[in-house]
Amino acid sequence: MAETAHQLRLLRFGDFEADLRSGELRKAGVRLKFGGQPFQVLSILLEQPGEVVTREELQKRLWPDTFVDVDHNLNTAINKIREALGDSAERPRFVETLPRRGYRFIGELEAPVQPVAGTVIEPVITVEPARGSRSRPRWWKVAAGALFISVVALTTVVAYRWHQEQRPQEQAALTAVPFTALSEEAISPAFSPDGSRIAFAWNGDPAHGVKGFDLYVKALGSETLLRLTQHPSESISPAWSPDGTQIAFQRLSGGDSGIYVVPALGGPERKLRSTGIPSDNFSWFSWHSLALISWSPDGKWIAFADRAPGEEYGRIYLLSTETLETKQVPISPKCVGEGMPAFSNNGEYLAYWCFLSENGEAVLQTLPIRGSQPKTIPPSRRFPNGLTWSADDEKLFYSLISIANGTTTSELSQVTVANGSTKQLAFAGGAMLPAVSARNGELAYSSLSTSLNIWRRDLLHPESPAVELMPSSRAQFDAQYSPDGKRIAFGSYRSGIQGVWISADDGSNLVQISNPNEESGSPQWSPDGNKIVFDSPRDHGKIYVADVGEGKPRRLVTNISGIRPHWSRDGKWIYFSSNGPDKTGLYRCPAAGGKALALSQDTDGLVAQESFDGKTVYFASSTARTVLRKVSLRALPGTASEGGDGLPRVNNAGVWALSPGGIYFVPADAPRSLRYFDLATRQVRPIFEVDKFFGSGLSVSPDGRWILYTLVGDVNSDIMLVNHFQ
């Protein structure tokens, strides 16, 4: 390790300044909330710019004499460094990852500023790890003897003040305010060309007595709504004509689905073309995403997504507003489908999402209007559900869906088109379907909130009414029967933070078993009913085991981070999924802790469930619209999994459960149905239908009489507005 005792304590790179003595990181002169182990790791990398610092070297410096959590702690520190520096692993500017080796600081350090005469150089304080404790790093060592600056030259003071004044100040925190305050769901905002009005869809007007979305316009600063359509639909997504006189929209409504136009001040709507997007095959956020359209700045084209007859995936088409003829945009061979088109404000490009697989992985592509080949903007992302250009066309704003532990959240991000650098935009609540005004750069988006509730139904009499258990205004999900059927473990936000709770089988006697201050979920009972294993999804996942009698969770000590744990039938193993930066896929480790072994060669498996005979493990191949697969336990470790055998395709990874003779599941093509797959006959039979979507969690009582499931309850969404966004 290079000796740093004679270096200056301030290291500057880009807009950042690291004070190695005080342990502070500043950006443009503003102190960031960044310290602890991440700062220590950054300091070590800064000591050797351009050189590889191995993971072993970092371990010796920071976590000596430890085995547990070194990889996890280091990965967490690197992620926090990149977050603070606005860096990315795929296109690094400062910290580069060398797989299986270590890390390297690749930024350009400014030359040290030499002190004026009479100024004493303060030595850098080197980072020393805590010994005997991996959770409390030792304080920075203080150099022996205090050295004081006897003379400070006036030129130094003047230079410092000038330097500070030249640095741009940190961007003020962005504040979103409600543009709508309506009941039910207001979604899919679109700014008028002059930025004075927003068109959006709303389903809260009870005048027709039929629930569905219609098109509305509301001016900024006004509470007056102008209703433009009278046809409640599954979804509507608008786009303004360049002159602001008309609004085009795609309607999803069975046989009435299509592209329409309506006068912006009111009048009869006119259908331009029918479309074939099957809205009943998609979840809430997919409907509205697939309906997104864009009107070209020259007024000649409307871009939209559609699924041709016989095709499984959607493609992007251009509809001529003059002739009503359509043409398909050039197809990239790597795209299984495209969606969510957006014309740039200068009319030179069409951006859209290119889906790389049915599992939701996608990349952004920009297609030159007068060119032929699209340009890909890496890296890939999962579950996008919105896209719009910045007013200056230098950035693209988009929203991403996250599905975890029965809850669906969404967040906004931006990507710079020129270099692919990304940045997450922090707003409270689920932010999705963004729109930016081309005139003044203001941002609007849909803010989503949902409720999830746990229900019980009699499988012997599925026609009987279901009973809601543990009613709560907060989301609850992933309910699991205990082995004796007398208790239920479930995830809940009833305390304000997602946690794991236990109740009696009728929903009474509620007790929280997880740490009330740490986010937790995905509970599963041990075969003897004495313990519960669950996860904490932060920092790529941590797994805990809690004794039901004691109620004190302990960390499962293993070498790989994980989520969605499940117990083996004999209680000796715990299966889990890893989504860490270095290792992904399915693993199992001893129930008492220890080294984890790969379960299969699949890299995106979730929710491993062991068969009742203990010979096979079934799992979901991905998070959404997934295929069930299986792997033989005799062929471990790391064997190839099997599909086939007619195993069903389920709507998402959290809506299937093994029983002794088969699999209860929610099918991908019927997300409001519960069905049963018989493992012996390979036949599927219907169980019951519901009028809402299923959330995460299915569990059958040990006697096969009852089933627990989650339903998505009320969905609420408002349009939020961010002034002075750009």
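**Let's talk about the sheet that holds strand β48 (residues 656-658)**
Pairing in this open sheet of 4 strands is antiparallel, and the strands run β48-β49-β50-β51 from one edge to the other. Every interior strand has two partners, whereas the edge strands, β48 and β51 (684-689), have only one. Pairs of neighbouring strands in the sheet enclose a mean axial angle of 20°, with direction left out of account. Where strand β50 (residues 673-678) and β51 come together, 5 bridges link them in antiparallel fashion. By the bridge assignment, Arg675 is partnered in β51 with Pro686.

**Some points on the pairing of strand β36 (residues 521-525)**
Side-chain direction in a regular strand flips from residue to residue, so the side chains alternate between the two faces of the sheet. Among the 5 residues of β36, 5 are classified as buried, and the element is accordingly described as predominantly covered. Pairing analysis gives 3 bridges linking β36 to strand β37 (residues 531-536), with the strands arranged antiparallel. Bridge pairing links Trp525 to Ile532 in β37. Turn length for the β36-β37 hairpin, with the two strands adjacent in sequence and antiparallel, is 5 residues, and the turn residue Gly529 shows positive phi of about 75°.

**As for the environment of Gly695**
Within the element layout of this structure, Gly695 appears in strand β52 (residues 694-700). Sequence separation between Gly695 and Leu452 is 243 residues, and the spatial gap between their C-alpha atoms is 6.9 Å. The contacts of Gly695, once residues within four sequence positions are left out, are Leu452, Gly654, Val655, Thr710, Leu711 and Val712.

**Quick word on unusual backbone geometry**
A positive phi angle is found at Met340, which is not glycine, with a value near 60°. Take Met340: it is sitting in strand β21 (residues 337-343). For Met340, a relative accessible area of 3% corresponds to the buried category. Positive phi outside glycine occurs at Arg564, with the angle close to 50°.

**Notes on the side chain of Ser522**
With respect to the helices and strands, the residue Ser522 is situated in strand β36. Separated by 3.3 Å, the side chains of Ser522 and Asp535 make a polar contact.

**A look at the pattern of salt bridges**
With the rule as written, the count across this model stands at 15 salt bridges. Of the charged contacts in the structure, one is a salt bridge between Arg227 and Asp214, with a shortest N-O distance of 2.6 Å. Of this pair, Arg227 sits in strand β12 (residues 225-227) while Asp214 sits in strand β11 (residues 214-219); the two residues are 13 residues apart in sequence, bridging distant segments of the chain. In this pair, the class of Arg227 matches that of Asp214, namely buried. With a closest N to O distance of 2.7 Å, Asp458 and Arg705 form a salt bridge. Note that Asp458 is positioned in strand β30 (residues 443-458) and Arg705 in the loop between β52 and β53 (706-722), a separation of 247 residues in sequence.

**Considering the pairing of strand β9 (residues 186-191)**
When you tally the buried positions in β9, you get 6 out of 6 residues, the bulk of the element. The pairing of β9 with strand β10 (residues 197-202) spans 4 bridges and is antiparallel. If you follow Ile187 over to β10, its bridge partner there is Ala201. Hairpin connection between β9 and β10: a loop of 5 residues separates the two successive antiparallel strands, and Gly195 in this loop has a positive phi of roughly 75°.

**Regarding the side chain of Glu442**
For Glu442, the location among the structural elements is in the loop between β29 (430-436) and β30. Put simply, Glu442 is tucked away with no salt bridge, and the nearest opposite charge, on Arg439, sits 11 Å away. Residues contacting Glu442, with those up to four places away along its chain left out, are Phe191, Leu220, Ala435, Val436, Ser437, Leu721, Val722, Asn723, His724 and Phe725.

**Remarks on the packing of aromatic side chains**
All chains considered together, the criterion is met by 18 aromatic pairs. On the numbers, 6.4 Å between centres and 90° between planes, the contact of Phe179 with Phe200 is edge-to-face. Separated by 21 residues along the polypeptide, Phe179 in the loop between β8 (177-178) and β9 and Phe200 in strand β10 bring together distant segments of the chain. Like Phe179, the residue Phe200 is buried in the burial classification. Note on Trp353 and Tyr398: the rings are 5.5 Å apart at their centroids and 85° apart in plane angle, and the pair reads as edge-to-face. Separated by 45 residues along the polypeptide, Trp353 in strand β22 (residues 349-355) and Tyr398 in strand β26 (residues 395-404) bring together distant segments of the chain.

**Overview of helix α1 (residues 36-47)**
Because the α-helix completes a turn every 3.6 residues, residues three or four places apart line up on one side. An ideal rise of 1.5 Å per residue puts 16 Å on 12 residues; α1 measures up with 17 Å between its terminal C-alpha atoms. In terms of burial, α1 is a largely internal element, 11 of the 12 residues being buried. Those residues of α1 that fall on the buried side of the exposure criterion are Gln37, Pro38, Phe39, Gln40, Val41, Leu42, Ser43, Ile44, Leu45, Leu46 and Glu47.

**Overview of the confidence of the model for the chain**
Taken as a whole, the chain shows an average pLDDT of 81; of its residues, 82% reach a score of 70 or greater. Predicted confidence in the chain is weakest over helix α4 (residues 154-166), with a mean pLDDT of 28, and strongest over strand β17 (residues 294-295), with 98. pLDDT under 50 marks residues 279-285. Its contacts with residues more than four places away, or in other chains, come to 21 contacts.

Conventions used here
- Residues numbered from 1 in each chain as written.
- Predicted model: local features only at pLDDT ≥ 70, side-chain atom pairs only at ≥ 80, totals over all residues.
- Heavy atoms only, no water.
- Pairing = 2+ DSSP bridges.
- Helix = DSSP H or I, 4+ residues; strand = E, 2+ residues; numbered from the N terminus.
- Axes fitted to C-alpha atoms, helices over the stretch in contact; angles between N-to-C directions.
- Buried < 20%, exposed > 50% of the residue type's maximum accessible area, 1.4 Å probe, protein only.
- Contact = heavy atoms within 4.5 Å.
- Polar contact = N/O pair within 3.5 Å; in protein donor to acceptor, adjacent residues only side chain to side chain.
- Salt bridge = Lys/Arg side-chain N within 4 Å of Asp/Glu carboxyl O.
- Lys, Arg positive; Asp, Glu negative; His and termini not counted.
- Phe/Tyr/Trp six-rings, centres within 6.5 Å; stacked < 30°, edge-to-face > 60°.
- Expected span 1.5 Å × (residues − 1).
- pLDDT = per-residue confidence, 0-100.

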